[in-house]
Amino acid sequence: MLLTIALVATLLALVFARDVSRAAHHASGPRRSENLSFAAGANALLTRENQFDQRLGYLLAHGATLSRPVFAARLAQLNDDLVTWPTAAKLLRRPNLTHGVNETLYDTTLRRVAAYESLLAQVSAALTLPFSTATPSQPDASPVSMLISSAGIWNRARFSLRREPGHARLDALSNVTSATASSSALTQLRLAPSLAVTRAVSLSALSVRPAALPSTPGEMLLPPVNSFQLGISVTNGAYVDQAVTLIVRLVPRSSRLGVYQEVLHATLGPLRSYAFVPKPLASVASEHATLTIRLVGAPGGSALTHVATYQVVLSPSGNG
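In this report, we go over the structure that sits alongside the text. (Residues numbered from 1 in each chain as written. Predicted model: local features only at pLDDT ≥ 70, side-chain atom pairs only at ≥ 80, totals over all residues. Heavy atoms only, no water.)

**A word on the overall build of the protein**
Cut-off, in case you're wondering: Here a helix means four or more residues in a row that DSSP labels H or I, a strand means two or more in a row labelled E, and each is numbered from the N terminus. Exposed residues in this analysis have more than 50% of their type's maximum accessible area, buried residues have under 20%, and partly exposed residues fall in between, with area computed by a 1.4 Å probe over protein chains only. The contact criterion used is simple: two residues touch if any of their non-hydrogen atoms lie within 4.5 Å. Only the protein chains shown count as covering a residue, and every accessible area follows the Shrake-Rupley method with a 1.4 Å probe.
Looking only at helices and strands, one finds seven helices and nine strands in the protein. The buried share among the 320 residues of the protein stands at 38%. The contacts in the protein between residues at least 6 apart in sequence include a share of 73% that link residues at least 24 apart. Carbon and sulfur atoms form 58% of the exposed surface of the protein, whose accessible area is close to 17000 Å².

**A closer look at helix H7 (residues 183–191)**
Heads up, the rule is: In this description, one arc is meant: the one made by directions from the helix axis to the C-beta atoms.
Listed as buried for H7 are Ala-185, Leu-186 and Leu-189. Across the axial projection of H7, the buried residues extend over an arc of 100°, all falling on one side. Opposite its buried face, H7 presents the exposed residues Ser-183, Gln-188 and Leu-191, each directed more than 90 degrees away.

**What about the packing of aromatic side chains?**
A ring pair, where both rings are aromatic, is described by two values, the distance of the centres and the angle of the planes. Convention followed: Classification of ring pairs rests on two measures: the distance between centres of Phe, Tyr or Trp rings, Trp counted by its six-membered ring, which must be within 6.5 Å, and the angle between planes, read as stacked under 30 degrees, edge-to-face over 60 and tilted in between.
One pass over the full model with this rule turns up four aromatic pairs. Considering the side-chain rings of Phe-52 and Trp-85, the 5.1 Å spacing of their centres and the 75° angle between planes classify their relative orientation as edge-to-face. With a gap of 33 residues between them, Phe-52 in helix H1 (residues 2–62) and Trp-85 in helix H3 (residues 85–90) connect regions that are remote in the sequence. With a centroid separation of 5.9 Å and an interplanar angle of 85°, the aromatic rings of Trp-85 and Tyr-116 are classed as edge-to-face. In this pair, Trp-85 sits in helix H3 while Tyr-116 sits in helix H4 (residues 101–126), placing the two residues 31 residues apart along the sequence. Exposure remark for Tyr-116: the relative accessible area of 0% places this residue in the buried category. Chaining the aromatic ring pairs together yields one cluster made of Phe-52, Trp-85 and Tyr-116.

**A closer look at the environment of Ala-196**
With respect to the secondary-structure elements, Ala-196 resides in the loop between H7 and strand S1 (201–209). Judged by relative accessible area, Ala-196 falls into the partly exposed class, the value being 30%. Separated by 128 residues in sequence, Ala-196 and Arg-68 place their C-alpha atoms 7.7 Å apart.

**Here's the deal with the layout of surface pockets**
The following threshold applies: Cavities and pockets are found on a 1 Å grid laid over the protein atoms alone: a cavity is a set of points where a 1.4 Å probe fits but cannot escape, a pocket is an open set with protein on both sides within 12 Å along at least five of seven lines, and a lining residue has an atom within 4 Å of such a point. Grid points are joined across faces, edges and corners, and a volume is the space filled by probe spheres set on the points. Residue polarity is assigned by list, with Asp, Glu, Lys and Arg as charged and Ala, Val, Leu, Ile, Met, Phe, Trp, Tyr, Cys and Pro as nonpolar; anything else, Gly included, falls into the polar class.
What the largest pocket holds in volume is close to 150 Å³. Forming the boundary of the largest pocket are Arg-55, Tyr-58, Leu-59, His-62, Gly-63, Thr-65, Leu-66, Arg-74, Gln-77 and Leu-78. At the level of secondary structure, the elements contributing two or more residues to the lining of the largest pocket comprise H1 and helix H2 (68–82). Classifying every residue of the lining of the largest pocket by side-chain character gives four nonpolar, four polar and two charged.

Next up, the structure:
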């Protein structure tokens, strides 16, 4: 009797062991697939992050050889790539993997995005470039420290799947930028002649309606009208945003018209022009007046013209 019970117990143990083995085998299949799928997506994202790191590090180290427009274009290209990382990392958060490795990847990616955005903003501000980044979701006063610490966190967590089904290998994060983004490197960029701000604005064109009659230079001969309209084009000849103020002043010689002045403001984009249209200026037949157009914005010493003066002459009405 005891022998029979022992045989039955042994048989049940063998069947249980076989079922456990089969269950373990079938359970490891999905986990293997999940781990390898995550590794493929994660390594693709990590490759992009490392390429970004190398490109930005190179730009900071060698940017002094570039012109302002080219340097700003490189920053814009980097920023365009950066904004896509959070979405890519979010897609890899599920399902939950061993040791929360995909959650760690998501968190470190967000931290690095914020650090890079802060760093790009610092570089842009230091060079007064017409370029802006998105507002960092997790701004940090020391982006270099954030890059170093986040890379360290990931480079320790990336071994989480090595002993799991699939034995997935996850790439490390590089740290090229943190070695080149020193305060001295930013100072060198700021002092580079090719990246220096050289502001230049000018009065580039003037139109008048009704059209002026043929006259000598510096004179504006108009038909006998009650008012005339000016159109004044201003050009920003530098690669920098430039705030300007345009002052239009008309001083008649007689007392029939009072002194008129209008102050207009605008911000010109880099290498852009803007057309100011002041209010119509009152006039009377046979009037003489001095028209002064003054452009304020560029620092003193510019070789470009900032003031234009015209002697406005209204023709007689021809009546009587």
